Amino acid sequence: MKERLTRLAEAALDLLYPPALYCSCCGNLIDESRAYHLCDHCIAHFRWDGEEPREVDGMKMLRCTQYGLYERTLIFDLKYNGKKYLARDIGEIMADRLALAELDFDVIVPVPMYERKERERGFNQAALIGKYLGKRTGKPCWDHCLVRTEATRPMRGLSPTEREENVKGKFALSEKYDTMLEGKRVLLIDDFYTTGSTARACHEALLSGTGGAPASVTFLAFAAK
Ligand SMILES: [Zn+2]
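Residues numbered from 1 in each chain as written. Predicted model: local features only at pLDDT ≥ 70, side-chain atom pairs only at ≥ 80, totals over all residues.

Enquirer: Explain the overall build of the protein to me, please; I cannot follow it from the model alone.
Expert: Looking only at helices and strands, one finds eight helices and seven strands in the protein. Here the protein has a C-alpha radius of gyration of 18 Å; the compact-globule value for 225 residues is 17 Å, and the two agree. Over its C-alpha atoms, taken along the principal directions, the protein stretches across nearly 50 × 45 × 35 Å. When contacts within the protein are restricted to residue pairs at least 6 apart in sequence, those whose partners lie at least 24 apart make up 71%. (Helix = DSSP H or I, 4+ residues; strand = E, 2+ residues; numbered from the N terminus. Rg over C-alpha atoms; globule rule 2.2 N^0.38 Å. Contact = placed C-beta atoms within 7 Å.)

So this is what it looks like as structure tokens:
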């Protein structure tokens, strides 16, 4: 009950103080012209990544930032503190990162959550980011193109081998999209990248359609270790 009240209070505060006036990361007062709604301090402390896309496991891999304190704040506030508007800032960052890499694509596919878990949280952060990224780039976001077929354990604290086993074979292509991927350049997106086991498992599922394989799959993460 207390938690619900806190959430209500936060929602009310969001209405009183539009998030655009405050730094998305630290809450400092900013003016609305700031890129990604970040203050000078936070934007200078983000560990931006400008490297060329890497070729890993038959996929291109691209990250926006290296995972650190500031990046973690955005991800945690979005996922666990329900600050859904942060998905917009992350979507903007991703759009600019793609432009920097001069990478083109046809459809956005977010890494899915297990259905029950998504219902509990109320949203899938990757899908929310995908929605904003789609708005910025004019490309469709195919939410629920992939499904997580089993509840997986949280990845935190697991070894690379345990991570691999935890997610391997736990993703599938949903019926609706089974024949829609042929020839498409797919942009698979997630908030976070560690060992790549989730991206690999999703990649496998994307290749499993009966209607033909996508032309390419690029994995884009907001932050990567
Ligand atoms: Zn800040």
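Enquirer: When you look at the sheet that holds strand β1 (residues 54–56) in this model, what are you seeing that I'm missing?
Expert: Each strand in a sheet pairs with another by means of backbone hydrogen bonds, the pair being arranged parallel or else antiparallel. What the five strands build is an open sheet, ordered β1-β2-β7-β6-β3; its pairing is mixed. At either end of the open sheet lies a strand with only one pairing partner, and these are β1 and β3 (107–110). Across the sheet, the mean angle from the axis of one strand to that of its neighbour is 30 degrees, orientation sign disregarded. Along the sheet face, helix α4 (residues 86–100) touches β2 (59–66), β6 (185–193) and β7 (216–224) and points at about 125 degrees away from the line of β7. On the sheet, helix α6 (residues 125–137) packs against β3 and β6 and is oriented at approximately 130 degrees with respect to β6. (Pairing = 2+ DSSP bridges. Axes fitted to C-alpha atoms, helices over the stretch in contact; angles between N-to-C directions.)

Enquirer: Where do I start with the nonpolar core in this structure?
Expert: M94, L188 and I189 are the most contacted members of the largest nonpolar core, which has 52 residues in total. If you count residues domain by domain, this core takes at least three from each of domain 1 (1–44) and domain 2 (46–224). Those residues in contact with M94, other than ones at most four positions away along the chain, are C64, I129, L133, I189, L220 and F222. (Core = buried A, V, L, I, M, F, W, Y, C linked by C-beta atoms within 7 Å. Buried ≥ 20, exposed ≤ 12 C-beta atoms within 10 Å, placed from the backbone. Domains from an automatic or database assignment.)

Enquirer: Help me understand the pairing of β6, please; the structure alone is not making it clear to me.
Expert: Sheet faces and side chains relate simply in a regular strand, where the side chains alternate between the two faces. Across the nine residues that make up β6, a large majority, eight, are buried. Across four bridges, the pairing between β3 and β6 is parallel. In the strand pairing of β6, I108 is matched with L187. Relative to β7, β6 runs parallel, the two being bridged by eight bridges. Along β7, the bridge assignment pairs I189 with L220. Of the crossover connections in this fold, the one passing from β6 over helix α8 (residues 197–206) to the parallel β7 is right-handed. (Right-handed = clockwise from strand over helix to strand, strands pointing away.)

Enquirer: Before we go on, may I ask you to explain the domain arrangement of the protein in this structure?
Expert: Note on interface size: it is often stated as the accessible area lost on association of the parts. Each assigned domain of the protein is listed with its residue range as follows: domain 1 (1–44) and domain 2 (46–224). Centre-to-centre separation of domain 1 and domain 2, based on C-alpha positions: 25 Å. Taken together, the contact pairs eight residues of domain 1 with ten residues of domain 2. Partitioned by chemical class, the residues of the side of domain 1 that touches domain 2 number five nonpolar, two polar and one charged. (Nonpolar A, V, L, I, M, F, W, Y, C, P; charged D, E, K, R; others polar.)

Enquirer: Looking at this structure, how should I read unusual backbone geometry?
Expert: For residues that are not glycine, phi is negative in most cases, and the peptide bond is trans in most cases. The backbone of Y36 shows a phi angle near 60 degrees, a positive value even though the residue is not glycine. Within the secondary structure, Y36 sits in the loop between α1 (2–16) and α2 (40–45). A tally of 19 C-beta atoms within 10 Å means that Y36 is categorised as partly exposed.

Enquirer: What's the story with the environment of I93 in this structure? I'm lost.
Expert: Within the secondary structure layout, I93 lies in helix α4. Taking C-alpha positions, I93 is 31 Å from T161, a pair spaced 68 residues apart along the chain. Discounting chain neighbours no more than four positions away, the residues touching I93 are Y36, C64 and F222.

Enquirer: Can you help me understand the packing of helix α7 (residues 160–167) against α8 in this one?
Expert: The packing of two helices is summarised by the inter-axis angle and the distance between the axes. Here α7 crosses α8 at 30 degrees, and the two axes come no closer than 9 Å. As judged from the angle between their axes, α7 and α8 are roughly parallel. Crossing geometry of α7 relative to α8 is assigned as right-handed. Facing R163, E164 and V167 of α7, the residues of α8 in contact are S197, T198 and A201. (Parallel < 35°, antiparallel > 145°, perpendicular 65-115°, else oblique. Left-handed = near helix turned anticlockwise from the far one by under 90°.)

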